[in-house]
Amino acid sequence: TASTEFTSSIGTWLTPDLASLRQSLVESTDADPLFLAQDFGTSWAGNISTTIESQSSTASVVTVSLGASSQRQNLRVSLVNTSNQWRIDSIALAP
């Protein structure tokens, strides 16, 4: 299924710890911790922007804004460079 394909492919973008945590949270809460939501906002797909908060050769923090102003969700995404590949290490609500 598409959901199974997404779950197996998303692991290449996450650190092993976050991939493991994501799977257990999806199973126990039916919510996706990557978006910190159970459902997606209808305006998210066409309204995505990013702002680099900090950046180095080994770690970066980016704020990702999803959705139009009435449905906007801001996420703080921490990335780490592992073996020359950037991976998402954590996601939290941004102020």
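Refer to the structure above for everything that follows.
Residues numbered from 1 in each chain as written. Predicted model: local features only at pLDDT ≥ 70, side-chain atom pairs only at ≥ 80, totals over all residues. Heavy atoms only, no water.

Trainee: A description of the overall build of the protein should follow, citing residues and the corresponding values.
Mentor: Each helix and strand in the protein was counted, giving two helices and four strands. Each helix (α) and strand (β) of the protein, taken in turn from the N terminus, gives the series α-α-β-β-β-β. Considering the protein as a whole, with its 95 residues, one finds that 27% of them fall into the buried category. For the protein, long-range pairs separated by at least 24 residues make up 29% of all intrachain contacts whose partners lie at least 6 apart in sequence. (Helix = DSSP H or I, 4+ residues; strand = E, 2+ residues; numbered from the N terminus. Buried < 20%, exposed > 50% of the residue type's maximum accessible area, 1.4 Å probe, protein only. Contact = heavy atoms within 4.5 Å.)

Trainee: Account for the sheet that holds strand β3 (residues 73-82), with residues named and values stated.
Mentor: The antiparallel open sheet is built from four strands, whose spatial order is β1-β2-β3-β4. Whereas interior strands pair on both sides, the edge strands pair on one side only; in this sheet they are β1 (48-55) and β4 (85-93). For this sheet the average axis-to-axis angle between neighbouring strands, irrespective of direction, equals 25°. Pairing of strand β2 (residues 59-66) with β3, which is carried by eight bridges, proceeds in the antiparallel orientation. (Pairing = 2+ DSSP bridges. Axes fitted to C-alpha atoms, helices over the stretch in contact; angles between N-to-C directions.)

Trainee: Outline the nonpolar core, listing residues and values.
Mentor: Soluble, globular proteins show a tendency: their nonpolar side chains are buried together. If you look at the biggest cluster of nonpolar residues, it comprises 12 residues: Ile10, Leu14, Leu18, Trp44, Val62, Val64, Leu66, Leu75, Val77, Leu79, Ile88 and Ile91. Taken together, the elements giving at least two residues each to this core come down to β2, β3 and β4. The contact partners of leucine 18, leaving out residues within four places of it in the chain, are Ile88, Asp89 and Ser90. (Core = buried A, V, L, I, M, F, W, Y, C linked by side-chain atoms within 4.5 Å.)

Trainee: Can you lay out the environment of threonine 15 for me, pointing to particular residues and giving the numbers?
Mentor: Among the structural elements, threonine 15 can be located in the loop between α1 (2-10) and α2 (16-29). Threonine 15 sits 71 residues away from tryptophan 86 along the chain, and the two C-alpha atoms are 9.0 Å apart. Dropping the residues within four chain positions of it, threonine 15 is found in contact with Val80, Arg87, Ile88 and Asp89.

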